[in-house]
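# Notes for the structure review
Take a look at the letters that make up each chain.
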Amino acid sequence: MTAAGLPMEIRADGLPTRVRIHEVGARDGLQNEQTVVPTEIKAEFIHRLAAAGLPAVEATSFVHPKWVPQLADAEQLFPLLDDLDPQRLPVLVPNGRGLDRALALGARRIAVFGSATESFAKANLNRTVDEALAMFAPVVARAKDAGVHVRGYLSMCFGDPWEGPVPVAQTVRVCRALLDLGCDELSLGDTIGVATPGHVQTLLAALGEDRVPASRIGVHFHDTYGQALANTFAALQHGITTIDASAGGLGGCPYAKSATGNLATEDLVWMLHGLGIETGVDLDRLTATSVWMAGVLGRPSPSRTLRALSHQE
């Protein structure tokens, strides 16, 4: 457990006073496990994360079971979460059929997922970037007509395993296209973890020049090269207040083998609390949840904060 008074709170100038953590461990994390986690365990995981104070816990993805068999139980899982506010339970939908399935179960926050690069669009959606955007257009329109909040995920914003560096202007173009479709917010994905703080700030500045406000942007960093927290701090300096993270650092990307785990929620919360930034998250309860899930999965977590705190117990 956390020692009293730690981390010591010392604010840095120019940072937000509160950050909203978008927890992706139950979806982005578990979809990358080799074994399928039982539905009841997934539901327990989501309930524990919500009880730890995480305001948004991404629950599942309504994709075809052939593509992501680990999440084939979406119809069985979502009803087990009826006691939670559906506004706290975003889900991914790849197309109109996925949207139908999500809406039928009462989902109120959905996400579509595109790519800043042609190679990953082909690998992930078997479409070009523009073909994917055209596919999303009626999905977003129907969701908005139903009063549903729409998030637009954008992968490979900083680098691509096939194409290498991704030009900032290329990422900005697809971001603008997603917003023009009607997405309420964007999540900028560093899918293979190659971003560095200067690159993050340059991209965010370019989006600002294109009149994309920081309030509509979230960031989603992977920790492949140990840069996720540094990149997060750079985003905070730019006024970003939505940060994606995964309990215990679970996750990667099934279509990009060089993508390692997400930024661990425990590491993020430790840094934010040390900066005096409010999150609403109970770090001890979060740690206990991730320790429990590590036990379910039969392997230790990569989160340094989790390891440090769990060793104190």
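Residues numbered from 1 in each chain as written. Predicted model: local features only at pLDDT ≥ 70, side-chain atom pairs only at ≥ 80, totals over all residues. Heavy atoms only, no water.

## So, the overall build of the chain
The secondary structure content of the chain amounts to 12 helices and 11 strands. Over its C-alpha atoms the chain spans a radius of gyration of 18 Å, differing by no more than 12% from the 20 Å that the globule rule assigns to 313 residues. Oriented by its inertia axes, the alpha-carbon framework of the chain measures out at about 50 × 45 × 35 Å. Pairs at least 24 apart in sequence give 77% of the contacts found in the chain among residues at least 6 apart. For the chain, the computed accessible surface area is about 12500 Å², with 54% contributed by carbon and sulfur atoms. Each charge class in the chain can be summarised by its mean position, and for the 26 positive and 34 negative side chains these summaries are 4 Å apart. (Helix = DSSP H or I, 4+ residues; strand = E, 2+ residues; numbered from the N terminus. Rg over C-alpha atoms; globule rule 2.2 N^0.38 Å. Contact = heavy atoms within 4.5 Å. Areas by Shrake-Rupley, 256 points an atom, 1.4 Å probe, with all protein chains shown as cover. Lys, Arg positive; Asp, Glu negative; His and termini not counted. Charge placed at Lys NZ, Arg CZ, Asp CG, Glu CD.)

## Overview of the pairing of strand β11 (residues 242–245)
Burial along β11 is two-sided: the residues T242 and D244 and I243 and A245 are all buried. One ladder, built from 4 bridges, connects strand β1 (residues 20–23) with β11; its direction is parallel. Counterpart to E23 in the pairing with β11 is A245. Here strand β10 (residues 217–221) runs beside β11; their pairing, made up of 2 bridges, is parallel. (Buried < 20%, exposed > 50% of the residue type's maximum accessible area, 1.4 Å probe, protein only. Pairing = 2+ DSSP bridges.)

## Comments concerning the packing of aromatic side chains
By convention here, two paired aromatic rings are described through the distance between centres and the angle between planes. All told, the structure shown has 3 aromatic pairs when counted by the stated rule. Taken together, a centroid distance of 6.4 Å and an interplanar angle of 45 degrees make the contact between F45 and W292 tilted. Here F45 is found in helix α2 (residues 39–51), whereas its partner W292 is found in helix α11 (residues 283–297), with 247 residues between them in sequence. It is R27 that lies over the ring of Y153; its NZ or CZ is 5.6 Å from the centre. (Phe/Tyr/Trp six-rings, centres within 6.5 Å; stacked < 30°, edge-to-face > 60°. Lys NZ or Arg CZ within 6 Å of the ring centre and 35° of its normal.)

## Some remarks on the pattern of salt bridges
On inspection of all chains with the given rule, the structure shows 14 salt bridges. Between R173 and D130 there is a salt bridge, with the nearest N and O atoms lying 3.3 Å from each other. Of this pair, R173 sits in helix α7 (residues 168–181) while D130 is found in helix α6 (residues 129–145), placing the two residues 43 residues apart along the sequence. Here E185 makes a salt bridge to R151, at a shortest N to O gap of 3.0 Å. Taken together, the residues E185 in strand β9 (residues 185–190) and R151 in strand β6 (residues 149–155) connect sequence positions 34 residues apart. Taking the relative accessible area as the measure of exposure, R151 reaches 2% and is therefore buried. One salt-bridge network, in which partners are shared between bridges, spans R27, D28 and E58. (Salt bridge = Lys/Arg side-chain N within 4 Å of Asp/Glu carboxyl O.)

## Brief notes about the sheet that holds strand β2 (residues 56–57)
Consider a sheet: its strands pair through backbone hydrogen bonds, and that pairing is either parallel or antiparallel. Strand order in this open sheet of 9 strands is β2-β1-β11-β10-β9-β6-β5-β4-β3, and the pairing throughout is parallel. Across the chains shown, the open sheet's two edge strands, defined by having one partner strand only, are β2 and β3 (60–61). In the sheet, β1 pairs with β2 via 2 bridges, with the strands oriented parallel. What sits directly across from H22, in β2, is A56. Contacting β5 (109–115), β6 and β9, α7 runs over the sheet at an angle of about 165 degrees to β6. (Axes fitted to C-alpha atoms, helices over the stretch in contact; angles between N-to-C directions.)

## Quick word on the confidence of the model for the chain
Across the chain, the average pLDDT comes to 93, with 96% of residues at or above 70. The model gives residues 253–259 a pLDDT under 50, and that stretch makes 22 contacts with residues more than four places away or in other chains. (pLDDT = per-residue confidence, 0-100.)

## Some remarks on unusual backbone geometry
Located in the positive-phi region is N126, a residue other than glycine, with phi close to 55 degrees. Note on placement: N126 falls in the loop between α5 (118–125) and α6. A positive phi is found at R211, a non-glycine position, where the angle reads about 65 degrees. Assessed through its relative accessible area of 69%, R211 is described here as exposed.

## Re helix α12 (residues 304–311)
Within α12, burial applies to T305, L306 and L309. The buried residues of α12 occupy an angular sector of 95 degrees when projected down its axis, which confines them to one face. Structural note: α12 exposes R304 and H311 on the side pointing more than 90 degrees away from its buried face. Residues of α12 that are buried sit in contact with α10 (265–274) and α11. (Arc of directions from axis to C-beta.)

## Some points on the side chain of D267
Looking at where D267 falls in the secondary structure, it is placed in helix α10. Buried and without a salt bridge, D267 has R304 as its closest oppositely charged side chain, separated by 5.8 Å. Setting aside chain neighbours within four positions, we find D267 in contact with L229, S303, R304, T305 and L306.

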